[in-house]
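Chain by chain, the residues run as shown.
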Amino acid sequence: MAGKSFFIDTTRCTACRGCQIACKNWNQNGASMTKNTGSHQNPPDLDAQTYKLVRFSESVDKNGKLAWYFFADQCRHCIEPPCKDAIEAYVEGAVIHDEKTGAVVYTDKTREANFDEVKDSCPYNIPRLSEDGRIVKCTMCFDRVSAGLLPACVKVCPTGAMNFGDREEIMAMANKRLEVVKAKFPNAQLLDADEIRTIYLVVDDPKAYHDFAIASAASGIGRKLAMRRMTKPASRALRAMLPG
Ligand code: SF4
Ligand code: SF4
């Protein structure tokens, strides 16, 4: 499979949030209102100004040992993105699924889609609604990558946690690192690697990092939306047959 991919090695992440800030900077996104939730995570969730968020998660394992995990959350750029189907049930051409890179990029036409249905369709709970009605998320820094540059979040990462490149090279890098990490952490794993282009390496139960670290089974295209998709081409064909 060609195209690009990210490899996010959570074992190297120090939660400096350089990626989060670089993402805001490149996308000219403003600050988000925050609140103290008893965690260092800030802001509390992804939002229309925050396409990338370093999630902080504390847990205690069955041996009573404290674990503190960091998870740099962003769009997974799904190989077959259900959000594109959900949006384009309302408006054709609103999502670019770039052939060369595999990037899933929303356009301003997402204003015409139903946000709740789009959010429900995403297995990773990524899309957010902007104040001006657009649906927004990580773009894979499509403009930078098209110009031969690294995504902003990858460029600034000082520890090697964030990586980006050709799909085959990234998969080789991820599998090689997995083998090394497994020697110390037998539960180490790559998450949903065959389905997506943002591949995380974790050392524990993915849910210990974030509820949506792996694809949620509850997501998907609802019955109503599926019907809309099915009937849409037929209606268009019927319309074309009708006299103007
Ligand atoms: S690829 Fe670009 S838009 Fe996506 S999280 Fe990284 S900096 Fe943000
Ligand atoms: S992770 Fe969600 S928003 Fe990103 S491409 Fe997949 S379905 Fe769409």
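Residues numbered from 1 in each chain as written. Chains lettered and ligands numbered in written order. Predicted model: local features only at pLDDT ≥ 70, side-chain atom pairs only at ≥ 80, totals over all residues.

## Quick look at the overall build of the chain
Definition in use: Strands are runs of DSSP state E lasting at least 2 residues, helices are runs of H or I lasting at least 4, and numbering of each runs from the N terminus. Note on burial: count the other C-beta atoms lying within 10 Å of the residue's C-beta; 20 or more is buried, 12 or fewer is exposed, in between is partly exposed, and C-beta positions come from the backbone. Contacts here follow a simple rule: the backbone-placed C-beta atoms of the two residues must lie within 7 Å.
When helices and strands are tallied, the chain shows seven helices and ten strands. Buried residues in the chain amount to 34% of all 244 residues. A separation threshold of at least 6 residues defines the contact pool for the chain, and within that pool the share at least 24 residues apart is 61%.

## Some remarks on the confidence of the model for the chain
Convention followed: Scored between 0 and 100, pLDDT is the confidence that the predictor attaches to each residue.
On average, residues of the chain score 91 in pLDDT, and 89% of them are at 70 or above. Under a pLDDT of 50 for its full length, residues 233–244 has, in the predicted model, zero contacts with residues more than four places off or in other chains.

## Describing the sheet that holds strand S1 (residues 4–9)
Just so we agree on the cut-off: DSSP calls a pair of strands paired once it identifies at least 2 bridges connecting them. Axis definition: a line fitted to C-alpha atoms, limited for helices to the stretch in contact. Angles are taken between N-to-C directions and run from 0 to 180 degrees.
Read across the open sheet, the four strands follow the order S8-S1-S10-S9; overall the sheet is mixed. Both outer strands of the open sheet, strand S8 (162–166) and strand S9 (189–190), are each paired with one neighbouring strand and no more. Sheet topology places S9 next to strand S10 (residues 198–202); two bridges connect them, and they run antiparallel. Looking across to S10, one finds that Gln189 is bridged to Val202. Its contacts with the sheet put helix H6 (residues 167–182) on S1, S8, S9 and S10, and the angle it makes with S8 is roughly 140 degrees.

## Considering unusual backbone geometry
Following Asn42, the chain continues to Pro43 via a peptide bond in cis, the omega torsion being -5 degrees. Along the chain, the position of Pro43 falls in the loop between helix H1 (18–27) and strand S2 (53–60). One non-glycine residue, Arg17, lies in positive phi territory at about 70 degrees. Tracing the chain through its elements places Arg17 in the loop between S1 and H1.

## What to know about H1
Where H1 is concerned, the buried positions are Gly18, Cys19, Gln20, Ala22 and Cys23. In the core, the buried residues of H1 are packed alongside S2, strand S3 (66–73), helix H5 (152–156) and S8. Gln28, located one to two residues past H1, shows a positive phi value of around 55 degrees.

## Describing the nonpolar core
In a soluble, globular protein the nonpolar side chains are often hidden away together inside. Applied cut-off: Put simply, a nonpolar core is buried Ala, Val, Leu, Ile, Met, Phe, Trp, Tyr and Cys residues tied into one set by C-beta atoms within 7 Å.
Counting residues in each nonpolar core, the largest one holds 56 residues, and the members touching the most others are Ile8, Ile87, Cys153, Met162, Ile199 and Ala213. Beyond its immediate sequence surroundings of up to four residues, Ile8 is in contact with Ala72, Ala161, Met162, Thr198, Ile199 and Tyr200.

## Regarding the site of ligand 1
Going by this rule: The C-beta atom of each residue is placed using the backbone, and any residue whose C-beta lies within 6 Å of a molecule or strand is treated as near it. Here the term charged refers only to Asp, Glu, Lys and Arg, the term nonpolar to Ala, Val, Leu, Ile, Met, Phe, Trp, Tyr, Cys and Pro, and the term polar to all other amino acids, Gly among them.
Taken together, 14 residues lie near ligand 1, and Cys23, Cys138, Cys141, Pro151 and Cys153 sit nearest. Elements with a minimum of two residues in the shell around ligand 1: H1 and H5. Counting residues per element, the shell around ligand 1 draws most heavily on H1, which supplies four residues. Split by residue class, the shell around ligand 1 holds ten nonpolar, three polar and one charged.

## A word on the pairing of S1
Every other side chain in a regular strand lies on the same face of the sheet, so the side chains alternate between the two faces. Of all six residues that make up S1, six are buried, and the element is covered over most of its length. Side chains Lys4, Phe6 and Ile8 project from S1 onto one buried face, and the interleaved Ser5, Phe7 and Asp9 project onto a second face that is buried too. Two elements, S1 and S10, share four bridges in a ladder whose sense is parallel. The partner of Phe7 across the bridge, within S10, is Ile199.

## A few points about the site of ligand 2
Taken together, the neighbourhood of ligand 2 is formed by 13 residues, with Cys75, Cys78, Pro81, Cys83 and Cys122 sitting nearest. For the shell around ligand 2, a count of residues per class yields ten nonpolar, one polar and two charged.

## Side note on the pairing of S2
Here S2 pairs with S3 via eight bridges, running antiparallel. Across the sheet, Glu58 pairs through a bridge with Trp68, a residue of S3. Hairpin connection between S2 and S3: a loop of five residues separates the two successive antiparallel strands, and Gly64 in this loop has a positive phi of roughly 80 degrees.

## What to know about the environment of Tyr209
With respect to the helices and strands, the residue Tyr209 is situated in the loop between S10 and helix H7 (223–241). The class of Tyr209 is buried, set by 24 C-beta atoms lying within 10 Å. For Tyr209 and Thr10, which are 199 residues apart along the polypeptide, the C-alpha to C-alpha distance reads 9.7 Å. The residues touching Tyr209, leaving out its near neighbours within four places in the chain, are Arg55, Ser57, Tyr69, Phe71 and Val202.

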